[in-house]
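Structural characterization, general
Given next are the chains, with one letter for each unit.
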Amino acid sequence: MIYTLSTLLRRKGYVRVPLKKVSSGHYICKLVLNGIPGVFIVDSGASHTCVALDKEAHFSLNSTKAEKQAASASSADMVTRQSAENHLRIGNWEQTKQELILFDMTTVNEALAQCNEEPVDGILGADVLHQAKAVLDYRRSGLYLLK
């Protein structure tokens, strides 16, 4: 018997989360952070899941100064904060003690604006994708997470 990717993954206990491909080429997903809905870029190249610094109060994050500076492909070292013990829900997948990095995402959202896209609240990084044994289905714009 031949299975589709979706059927095979669902039989193995994965849940599907729809992704939206925006004109900048990024894939965007909706999630809930500490009970508040948000929109995040899916970025398997980002080591950590991040939230925009200006969204700290919006998502009820309690943050402290990060131990290390962060660096990205788009800029040199940047000031970061960290927040632990956050509740993250993506579709039916949940994590109750999620660590997050906060940094200034102005340049990210400016780049999206140049493509006439709405700003995002953060970046869903490899830490969560690895933990959830994520499978990206680019053909059908879906993210599968092992429940």
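Placed above this text is the structure.
This text gives an overview of the structure that appears in the document. (Residues numbered from 1 in each chain as written. Predicted model: local features only at pLDDT ≥ 70, side-chain atom pairs only at ≥ 80, totals over all residues. Heavy atoms only, no water.)

Further remarks concern the overall build of the protein. Counting its secondary structure elements, the protein contains 3 helices and 13 strands. C-alpha extents for the protein along the principal axes are approximately 55 × 35 × 25 Å. Across the 147 residues that make up the protein, the buried fraction comes to 40%. For the protein, contacts bridging at least 24 residues in sequence account for 55% of all contacts bridging at least 6. As displayed, the protein has an accessible area near 8,700 Å², and 51% of this comes from carbon and sulfur atoms. Computing the positive centroid from 17 side-chain charges and the negative centroid from 15, the protein places the two 13 Å apart. (Helix = DSSP H or I, 4+ residues; strand = E, 2+ residues; numbered from the N terminus. Buried < 20%, exposed > 50% of the residue type's maximum accessible area, 1.4 Å probe, protein only. Contact = heavy atoms within 4.5 Å. Areas by Shrake-Rupley, 256 points an atom, 1.4 Å probe, with all protein chains shown as cover. Lys, Arg positive; Asp, Glu negative; His and termini not counted. Charge placed at Lys NZ, Arg CZ, Asp CG, Glu CD.)

Quick look at the environment of D137 now. For D137, the location among the structural elements is in strand β12 (residues 135-137). Overall, the relative accessible area of 7% leaves D137 in the buried class. Once the C-alpha coordinates of D137 and L19 are considered, the two residues, 118 residues apart in sequence, prove to be 9.2 Å apart. Residues within four places of D137 in sequence aside, it is in contact with L5, G142 and Y144. Side-chain polar atoms of D137 contact the backbone nitrogen of R139, separated by 3.3 Å. (Polar contact = N/O pair within 3.5 Å; in protein donor to acceptor, adjacent residues only side chain to side chain.)

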